[in-house]
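Each chain is listed here by its residues.
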Amino acid sequence: MTLGLLNANPVVQAKKERLARTQDQHRDYDGLDTLDTKYVRDIRDPEHPYSLEQLSVLSEDSITLDDKLNRILITFTPTIQHCRMATIIGLCLRAKLKECLPLHYKVDIRVSPGSHADEDSVNKQLNDKERVVAALENPNLRQLVDECICSNEI
Amino acid sequence: MAALNNLTEHLEAFVDVTRSPTHHAESLRAIATSLEKSVLSINQLVVEMDMYLTTTDDVVRARGRILLLAEMLDYLKPKPLDNAVVNSLVGFFTAKLAEWRSVRGALTGCLALIKRKGVAGLVTAVDAEAVAKSMAQSVQVQSLALYDRKLCFELLECLLEQYPEAMINLGDLMVYATCEAIDGEKDPPCLMVAFHVVELLARLFPSPSGPVASEASDLFEFISCYFPLHYTHTKGDETSIPREDLSRGLSVDSLKCLKDCAVNYGVSRMKKHYEGIWSAIKDALYASTGTDLSFGLESLTSPGFEMGEIHREAVNLLQRLVKQDISFLGLVADDIRVKMIFDTISRYSRYEEMLDTSKLEVLVVSQILSVSARASVESCNTIFETFFVRLMNTLGIVEKTSSGDLVHNENSTVSTRLYHGGLHLCIELLTASKDLIPSSEEDSSTPESAQQSWCSIVNRFSVSLIEAFTSAVQSSNDDCSADAYLGVKGLLAMGMFRGGSSPVSRSEFEKILTTLTSIITANSAKTVKWELALKALVCMGSFIDQYHESEKAMSYMGIVVENLVSLVRSSHCSLPHPMILEATSEVCSTRPTYVEKMVQGFEEAFCSSFSDFCVNGNFKSIENCSQLLECVTNKLLPRLTEIDGLEKSLVHFAISMWNQIESSVVFSYDFNGREFVEAAMKTMRQIVGVASVDSQNSIIQKAYNVISSSTLPAMESIPLTFAALEGLQRDLSTRDELILSLFASAVIGASPMASFADVKSLIKLFMVSSLKGYISAAQALGSMVNKLGTGLEEACDTIFHESSASGNNTSSVDSSKSIGGSETLLAKICLGFYGSLDLQTRAITGLAWIGKGLLMRGDKRVNEIAHVLVECLKSTNSSGNALHPSALKHAADAFLTLMSDSEVCLNRKFHAVIRPLYKQRFFSITVPILESLIVNSQTPLSRTMLHVALAHVISNVPVTVILDNTKKLLPVILEGLSVLSVDSEHKETLFSLLLVLSGTLTDIKGQQSVSDNAHRIIECLVKLTSYPHLMVVRETAIQCLATLLELPHRRIYPFRREVLQAVTKALDDPKRRVREEAIKCRQAWTSISSRSTPF
């Protein structure tokens, strides 16, 4: 890490309005709330003190949810082409979703096409079960991931 | 004596240094309250503290004697004290300043005494001098602890602020003491006070040869070493001030400072800075004004845009300068941006078409002009002469000639041009000028000519102005509220000129009222325009009332009030009835005379609609009646205290309701639904509730007469025997039903002081009708037994005894009359010995309300009633017959009736007699019985119902009672939770019981037994995380699980797997809130072991 920051000056976007909780909605109404995407948007970037949403790494459109097949596809866009952090961001996403989602979802995580120099290998690495588990057993990586996903928003 | 005993206890607690600060504060507060309530006098306190005063233990003495007394005085600042007491106390504290051990107490005491303001018992100047002297001589400030130093500085500050003469007498000594105190001070909060002390000193000794001057070099040396001040911005420090706040604060301060300069330096010295100041003011205004002009309802009486602190200060400064020197106005008038405003205005006709820059120009310039106009009469004249006439020309508003005609009557095609910007400016100027009309008493002293100028200008244009505003309102359509807003606001501004010298004549004022009223009556839907007009009328109404404008009040009455009231009265009108009612009630609440008029109108409207319904069967009329009654309850009754004379009118209204019902002998038609009866009951209850005892009596008397004229008294003759009661149906005629319900409502609202003519027959009437299934009759019975004074015995006799005494030969049991016990007829019906199931359930409900009335007043008979109800919860009665499930359910619900607070009756609003702790008492009576019954219950149904009853009792008792008995109750609560979770019918009961459980989990008192029962609690909560019938139950259960993590690690660790499994399932919950709680809970439980997930 002698090179300093990979992307020293990222563009920061505004956060989307959080849905305020209203007091009265809690009784009577018994509809089914759809599963939502907000679990991941507050994950902190490994490099900057901003959330992934603020850095436009993730947006609501980049997450596709198929409730029937229990599949989730997340496509994220690293801020720069050579971002070494892409795998770590992906790892954070996966770890966070593992904490928040019921077990029966299958999660696919990809970088958006053309946004990363080493797209294929990153995708392969992120969706390889063994490598994810191995990575999360590495104490240094584990600590970094924990710090990133520990957000106080939810 | 009890107070003294407690006192000793509290004193002990306070003096004991080993106890916690909160404990100290508590005992302190307790003593202070008793002093405040004058239960205890200061002298008594001192006597009681004797032991602590004479003890040889330094610490105890310092704390007990001095600090306690001092803190006490701090609490008692607002309480008047005897001068002698204050004097002796000051002397005492002054003397104690010398003793270093007790210095804190002495300082606190002096400070508390010196700070006393405006109440009896002030410190005299001589005493203050003594305090200062003693402090200067014997307190070494810099050798004290931080908190004590702060007290010292505060004491100095207070002395200098409140006793300047005394301090001047001390002269040198004071200055010297201050120097000494400040020298070497390091703590910022102390320094802030210290700087202020120096400032005060300098103000006190201004003379160049005075004590401050002679010590000046020393003082300067001490203080200068703190300069320059550094603004160090530390990251992540929550207390630090962000840069924006700092710059805002500095701006505000400099504007304030400039204003002070203007005040102190006078016109001649300020003059050369005018240009600089003017441009600064302009900059500040431009920078602090937004471009959003609100056209909403709420801004009708406010500027319509947000005003920051900078803005406010800039406005103040401008106003000050213009007030002081009219020549400053020259700068304003010559300013290029101000001059340009007319071009800007005439470039756009609609506000929303304007560019942001133009919007800003319009808003700021209208601010500048209106503020300048507001400053003084002269400036107002100048502004009106220079700008207003020009503005009128731009807007195409013409003036009237001396003969009163408009200038170009012949050429009416030249129409006014309604530029929004111009209208806004115009309104701002008019609003500003209206404050300049002197109130009537000053009128004579002001030279006529000085104030005439702007008045006459407005007067010249008033007719056309009103026309212009009217046409703005009328031309507006729904999708553009700006026209309507500006029009109405303009009319409002024109209508708010005060007094005889108003530029708006009476006929013009009336025209404004007519216009606004016609807007209200012409609309058939609730538009923005309608609401604006209504609000404007309300504003004008309260303005008239505030300034006692009798002439205008007459116009208002004639045009607005009478018009609206006549609309209420007439049934044919394009405006929907609720809107008329709203408008009328809003407008008329501005003045007592209008209220009287309105209630009269309401009365007539009620009577005519009601009879229309009775005779013609017009359902529309009865609907109008219910709306009218709702308006009375929701709009008028809450404002009873604000409006004089409303109570009298309402009582009259209630009586004429009765009159109307009395005279409508035949009801040809049935009510369509219960709305009307409900509304009438509510109104009657509340009117009786707020009325004075005399009025209550007259209403009840009236009602009683109506009752006697109906067929209801026949019911009183129904003997309270089983044979007679068996066949009872809900068979009353519509009219009787109405009369009965209304009468019950009147009884419910009556106070204990009200008198009832014939208690016995009333009770009988209500008994029979409650057994017929009228709940309000049961509630009225409860209210009566709750409130009756001497008649209580008779009433209870009627309810409980007479029934069995009147020859009930089916009863095989010995009829020895226990009071309200299970031997009476009512009890037997409840227990299902005779009669249909309907009769049984009604009897149970009735018994519950009677019980509630007795329980609240603390009557013993409630025990018997509780006993009967408990008997009903058993699956079989004493003769072995099985009870019907529905009866069990009603009996269980009876406990809810008994314990919960009712909105409808038996509460403070309806003058219920409420003994303190009645819930606790009932709790302690019933819980043991219910518990033992649960253990011995024979059938699952009975067990469930016993649990429901117990849950009602537990969840309605104050939580502290539960906390005191956690150990005993926790197992029952847990069992209750699991029993109740079986059926969805009990979901609300389950939820309230779960809330009780969660209350015990979080409290320190319950911790031990929670810890002991951890396994059972967790098991129960885990089950509830998948409770399908109510989302909040799942959510609360998961929250409780998270709370349990506060228990000792070794207690909860074994359940980790079980909890995580349950919570992981909850991640898949259909409701988002449950999922979110589950995530939080899961994270928390995962983190108690290693980070790795256990799966």
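In this text the structure is predicted, and so the values were computed from the model without any measurement.

1. Notes on the packing of aromatic side chains
Residues and elements named next belong to chain B.
Next, step 1: Under the counting rule described, the total for this entry stands at 16 aromatic pairs over all chains.
Next, step 2: Between the aromatic rings of tryptophan 278 and phenylalanine 328, the centroid separation amounts to 6.2 Å while the plane-to-plane angle is 85°, which identifies the pairing as edge-to-face. You can see tryptophan 278 sitting in helix α15 (residues 274-288) and its partner phenylalanine 328 sitting in helix α17 (residues 328-334), a full 50 residues away along the chain. Considered together, tryptophan 278 and phenylalanine 328 belong to a single accessibility category, that of buried residues.
Next, step 3: Following the ring pairs from residue to residue traces out a cluster consisting of Phe384, Phe388, Trp454, Phe461 and Phe497.

2. Quick look at the pattern of salt bridges
Residues and elements named next belong to chain B.
Next, step 1: Counted by the stated rule, this structure contains 25 salt bridges over all chains.
Next, step 2: The salt bridge involving glutamate 562 is made with lysine 597; its shortest N-O contact spans 3.8 Å. In this pair, glutamate 562 sits in helix α27 (residues 550-569) while lysine 597 sits in helix α29 (residues 592-616), placing the two residues 35 residues apart along the sequence.
Next, step 3: Judged by relative accessible area, glutamate 562 falls into the partly exposed class, the value being 35%.
Next, step 4: Since its relative accessible area comes to 23%, lysine 597 is described here as partly exposed.

3. Let's talk about helix α16 (residues 309-324) of chain B
Owing to its 3.6 residues per turn, the α-helix brings residues three or four apart onto one side.
Next, step 1: Taking 1.5 Å per residue as the helical rise, α16(B) with its 16 residues ought to reach 22 Å, and the 23 Å between its terminal C-alpha atoms agrees with that figure.
Next, step 2: Along α16(B), the residues that are buried comprise Ile310(B), His311(B), Glu313(B), Ala314(B), Val315(B), Leu317(B), Leu318(B), Leu321(B) and Val322(B).

4. Some points on the confidence of the model for chain B
Residue and element names in this part refer to chain B.
Next, step 1: Here chain B averages 79 in pLDDT, while 83% of its residues score no lower than 70.
Next, step 2: Low pLDDT (under 50) marks residues 440-447, which in the prediction has five contacts with non-local residues, meaning those over four places away or in another chain.
Next, step 3: Within the model, pLDDT remains below 50 along residues 803-822, and this stretch shows 36 contacts once partners closer than five positions in the same chain are excluded.
Next, step 4: The complex model carries a pTM of 0.67, and its ipTM stands at 0.79.

5. Details of the sheet that holds strand β3 (residues 106-111) of chain A
All names here are of chain A.
Next, step 1: In spatial order, the strands read β1-β2-β3; together these three strands make up an open sheet with mixed pairing. Edge positions in the open sheet fall to β1 (63-66) and β3, since each of these has one partner strand only. When the angles between neighbouring strand axes are averaged without regard to direction, this sheet yields 10°.
Next, step 2: For strand β2 (residues 71-76) and β3, the ladder comprises six bridges, and the chain directions are parallel. What sits directly across from phenylalanine 76, in β3, is valine 111.
Next, step 3: Contacting β2 and β3, helix α3 (residues 119-126) runs over the sheet at an angle of about 160° to β3.

Basis of the calculations
Residues numbered from 1 in each chain as written. Chains lettered and ligands numbered in written order. Predicted model: local features only at pLDDT ≥ 70, side-chain atom pairs only at ≥ 80, totals over all residues. Heavy atoms only, no water. Phe/Tyr/Trp six-rings, centres within 6.5 Å; stacked < 30°, edge-to-face > 60°. Helix = DSSP H or I, 4+ residues; strand = E, 2+ residues; numbered from the N terminus. Buried < 20%, exposed > 50% of the residue type's maximum accessible area, 1.4 Å probe, protein only. Salt bridge = Lys/Arg side-chain N within 4 Å of Asp/Glu carboxyl O. Expected span 1.5 Å × (residues − 1). pLDDT = per-residue confidence, 0-100. Contact = heavy atoms within 4.5 Å. Pairing = 2+ DSSP bridges. Axes fitted to C-alpha atoms, helices over the stretch in contact; angles between N-to-C directions.

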